[in-house]
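# Observations on the model geometry
For reference, the chains in residue letters:
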Amino acid sequence: MNFPHSRRMGGIALGALLALGQPALAEDKSHDHAHEHEHAHDADSKRIYDGYFEDHEIQTRSLEDWQGDWQSVYPLLTDGTLAPVMEHKAESGSKTAEEYAAYYEIGYKTDVDRIEISGDVFTFHSGDQAISGHYASDGYEVLTYAKGNRGVRYIFEKIEGDAEAPQFVQFSDHAVAPTDAGHFHLYWGDDRAALLEEVTNWPTYYPAELSGVEIVDEMISH
């Protein structure tokens, strides 16, 4: 098996609103404040997702954030399912759809088509082969990229398991604090420092239960 380096308030009738008087107006202002807070939260989430965050916003994370059964998106790229995503990127990006597809061909490439994470156990599937290991947190590292944004790699080290299982796995999912991941990029191998240098190949995984069409929708929405 070859391992590369590598988720209301309803309207109130006008008469009812007038009948409620001042308390209703106070409640409405509270709703406006909540709405503004929600927009601020969305803006912060987008900023962090794009890699612009402060050191004080970074928190440690556990494997709870990545529990589940995950599928590689590489097969979806090679069979053309992700073509609408490449076309969408080309509409506002600096590359053609074909150039984006070539870029992601390098980024997504892997023969590990499925990963299960249950508790502290990773099971890597490649075709009909599977290897497993138990992993424990080894902290995180903050990386600064060429265009000035940053990312956090959450690192876990194998404490026991199959000899073929990688010694280290490193998650990157655009988050910097505990949250249930909707997808993730994963780097794995036996050299912790070398993995931190890998920025061109980032096998990417989405929940196994999602269809190709659903993954396309998720990608375009981000």
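Look up: the structure comes first, before these words.
Structural notes, computed from the coordinates. In this numbering scheme, every chain counts its residues from 1 along its sequence in written order. This being a predicted model, a pLDDT of at least 70 is required before a residue's local features are given, and a value of 80 or more before pairs of side-chain atoms are given or counted; all residues contribute to the totals for chains, interfaces and linings. For side-chain calculations, the full set of non-hydrogen atoms in the structure is used, while hydrogens and water are omitted.

### Digging into the packing of aromatic side chains
Aromatic ring pairs are defined here through the distance separating the ring centres and the angle between the ring planes. Worth spelling out the cut-off: Put simply, two rings from Phe, Tyr or Trp (the six-membered ring, in Trp's case) pair if the centres are within 6.5 Å, and we call them stacked under 30 degrees between planes, edge-to-face over 60, tilted for the rest. Think of it this way: any DSSP run of H or I at least four residues long counts as a helix, any run of E at least two long counts as a strand, and we number them from the N terminus. Partly exposed residues are those whose accessible area sits between 20% and 50% of the maximum for their type, while under 20% is buried and over 50% is exposed, using a 1.4 Å probe and protein chains only.
In the structure shown here, the tally under the stated rule is 18 aromatic pairs. Ring centres of tryptophan 70 and phenylalanine 184 lie 4.8 Å apart, and the angle between their planes is 65°; this geometry places the pair in the edge-to-face category. Placement of the pair is tryptophan 70 in strand E1 (residues 68–72) and phenylalanine 184 in strand E7 (residues 184–189), with a sequence separation of 114 residues. Phenylalanine 184 carries the same exposure label as tryptophan 70, and that label is buried. One aromatic cluster in this structure is built from Trp66, Trp70, Phe122, Phe124, Tyr135, Tyr140, Tyr154, Phe156, Phe171, Phe184, Trp188 and Tyr205.

### Regarding the layout of surface pockets
The line we're drawing: Points on a 1 Å grid over protein atoms alone make up a cavity when a 1.4 Å probe fits among them but cannot get out, and a pocket when they form an open set with protein on both sides within 12 Å along at least five of seven lines; lining residues each have an atom within 4 Å of a point. Grid points are joined across faces, edges and corners, and a volume is the space filled by probe spheres set on the points. In the scheme used here, Gly and all other residues not listed as nonpolar or charged are polar, with Ala, Val, Leu, Ile, Met, Phe, Trp, Tyr, Cys and Pro taken as nonpolar and Asp, Glu, Lys and Arg as charged.
By volume, the largest pocket is sized at about 1300 Å³. Lining the largest pocket are 38 residues; nearest its centre among them are Tyr103, Tyr104, Lys147, His174 and His185. Residues belonging to the lining of the largest pocket are distributed by class as follows: 20 nonpolar, 12 polar and 6 charged.

### Details of the environment of alanine 83
Mapped onto the elements, alanine 83 comes out in helix H4 (residues 83–92). Taking the C-alpha atoms as reference, alanine 83 lies 7.7 Å from alanine 101; in sequence the two are 18 residues apart.

### Side note on the packing of H4 against helix H7 (residues 212–221)
In plain terms, the rule: Angles here are taken between N-to-C directions and fall from 0 to 180 degrees, while the axes themselves are lines fitted to C-alpha atoms, restricted in helices to the stretch in contact. Geometric relationships in this document are graded by angle, where less than 35 degrees denotes roughly parallel, more than 145 denotes roughly antiparallel, 65 to 115 denotes roughly perpendicular, and other angles denote oblique. The sense of a crossing depends on the near helix, which, turned anticlockwise from the far helix by less than a right angle, makes the crossing left-handed and, turned clockwise, makes it right-handed. Throughout, a contact is declared for two residues whenever any of their heavy atoms are within 4.5 Å.
In the contact formed by H4 and H7, the axes pass within 9 Å of each other and the chain directions differ by 15°. It follows from the interaxial angle that H4 and H7 lie roughly parallel. As for the relative orientation of H4 and H7, their crossing is right-handed in sense. On the side of H4, the interface is formed by Pro84, Val85 and His88, while H7 contributes Val216, Met219 and Ile220. Residue composition of the contact of H4 with H7, grouped by class: 5 nonpolar, 1 polar and no charged.

### Some details on the pattern of salt bridges
Operational definition: Here, a salt bridge means any side-chain nitrogen of Lys or Arg that lies within 4 Å of a carboxyl oxygen of Asp or Glu.
Applying the stated criterion across every chain yields a total of 10 salt bridges. Across the pair aspartate 69 and arginine 114 runs a salt bridge, and its minimum N-O distance is 2.8 Å. With a gap of 45 residues between them, aspartate 69 in strand E1 and arginine 114 in strand E2 (residues 114–118) connect regions that are remote in the sequence. If you follow the salt bridges from partner to partner, you end up with Asp44, Arg47 and Glu57 in one network.

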